[in-house]
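Residue strings, one per chain:
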Amino acid sequence: MQPQVRDLNSSELHKADAGIGVGIGIRTRISLARFAKGPVCYPLVGLMMVCLVMVTMTDAFLTPDNLINVGRQVSINAIIAVGMTCVILSGGIDLSVGSVMALSGTLTAALMIAAVPPALAIPIGFAVGIAIGLMNGFCIAYAGMPPIIVTLATMGIARGIALVATGGYPIDGLPDWFEFFGRGDVFGLQAPILIMLLVFAVMYVVLDHTPFGRYVYALGGNEEAARLSGVRVARYKLLVYAISGLCASIAGLVLTSRLMSGQPNAGVSFELDAIAAVVIGGTSISGGRGSVIGTLIGAMLLGVLNNGLNMIGVSPYVQNIIKGVIILLAIYISRERSKRLS
């Protein structure tokens, strides 16, 4: 016996379409509610508001040259902030990144001046950053030392090595091709921005789509629970600091290329800007909650704010006050969100 197939009349079709529309509307509202509760919402709204204010206050803000300049300025801090995000998510802190950046950059420059092949000089610079990160991680994870004390010490050690090795003078005379990493472009996209996006893309995949990322969040959320669950806490702490050192050395490469010289005094207070980008981006300073996408937005917000305030002639001293207030506001919002979610 063949099943009976009934044609729907126009009224029934209209009801069916309405039902589909209601379903889509509900899903949209659910998605928006989840986004509003997520760590990216407030930083994104803040970035849009800052951009709107700058557009109304100066016509030059949206010019292509200025936007490219903002991208270059953001890229270095953003690359450092990627590694800082990984560390803070695990419940730690890394104050050595600015000094590591300077040491890695000056070492790479010195090796190239000494006729070491670039294919070897650049990886050696990265290896130094990773090595200092591993030293930080070992002291914190295996020796049980406080992260803020360990990284404060290595901050001085790395900076001191860079100054002793160079005598406090910059290393000039780098080959012309080297400026590609700081000033070149690929199909119209600035090389520093491209490097920044690649670093963020890799870390987004690592943190959001691998077991390593889940363990990093677990460490920051409840380290003892993670240990009891079988997570090798010390190993993952070691790795997150190694990642931070690597990101700092990549930023050192970009900055050295941009300046076309190895600067032993480069990167002073860059660790504070990186921490600010992470916190403004919605990552909890106590760890366990945050997003690398939020960090990118936080770095962009700081870059846009610095650029816009310079364009409208605000004193650098006043700029420090404004950034400090924004950081305090971001910490307050993060704390209140944590209370609501707990």
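Residues numbered from 1 in each chain as written. Predicted model: local features only at pLDDT ≥ 70, side-chain atom pairs only at ≥ 80, totals over all residues. Heavy atoms only, no water.

## Details of the overall build of the protein
The criterion, for reference: Only DSSP runs of H or I with at least four residues qualify as helices, and only runs of E with at least two residues qualify as strands; both kinds are numbered from the N terminus onward. Burial here depends on accessible area, computed with a 1.4 Å probe over protein chains only, as a share of the maximum for the residue type. Under 20% is buried, over 50% is exposed, and the range in between is partly exposed. In what follows, a contact means two residues having at least one pair of non-hydrogen atoms within 4.5 Å. Under the convention used here, a 1.4 Å probe and the Shrake-Rupley method define accessible areas, while residue burial counts only the protein chains that appear.
In terms of helices and strands, the protein carries 14 helices and two strands. Taken across its 342 residues, the protein has 45% of its residues classed as buried. Here the analysis covers contacts within the protein between residues at least 6 apart in sequence; of these, 78% occur between residues at least 24 apart. Here the protein displays about 17100 Å² of accessible surface, and carbon together with sulfur accounts for 68% of that area.

## With respect to the side chain of Gln190
Counted only if it meets this: A 3.5 Å cut-off defines polar contacts: any pair of N or O atoms within that distance qualifies, except that in protein one atom must be a possible hydrogen donor and the other a possible acceptor, and neighbouring residues in sequence count only when both atoms are side-chain atoms.
In this fold, Gln190 is placed in strand β2 (residues 189-190). In terms of polar contacts, Gln190 uses its side chain to reach the side chain of Arg72, at 3.1 Å. Excluding residues that lie within four positions of it along the chain, Gln190 makes contacts with Ile68, Arg72, Arg183, Gly184 and Asp185.

## A few points about the nonpolar core
Worth spelling out the cut-off: Buried residues of nine kinds, namely Ala, Val, Leu, Ile, Met, Phe, Trp, Tyr and Cys, make up a nonpolar core once their side-chain atoms join them within 4.5 Å.
Membership of the largest hydrophobic core comes to 82 residues, with the highest contact counts inside it found for Ile79, Met196 and Leu207. With 13 residues, helix α3 (residues 64-89) is the largest single contributor of residues to this core. For Leu207, the residues in contact, after removing those within four places along its chain, are Cys86, Leu89, Gly213, Arg214, Val216, Tyr217 and Val292.

## Remarks on unusual backbone geometry
Positive phi, normally seen in glycine, also occurs at Ala115, with a value near 70°. Structurally, Ala115 is set in the loop between α4 (97-113) and α5 (118-141). Even without being a glycine, Met260 presents a positive backbone phi close to 55°. Looking at where Met260 falls in the secondary structure, it is placed in the loop between α11 (233-259) and α12 (270-280).

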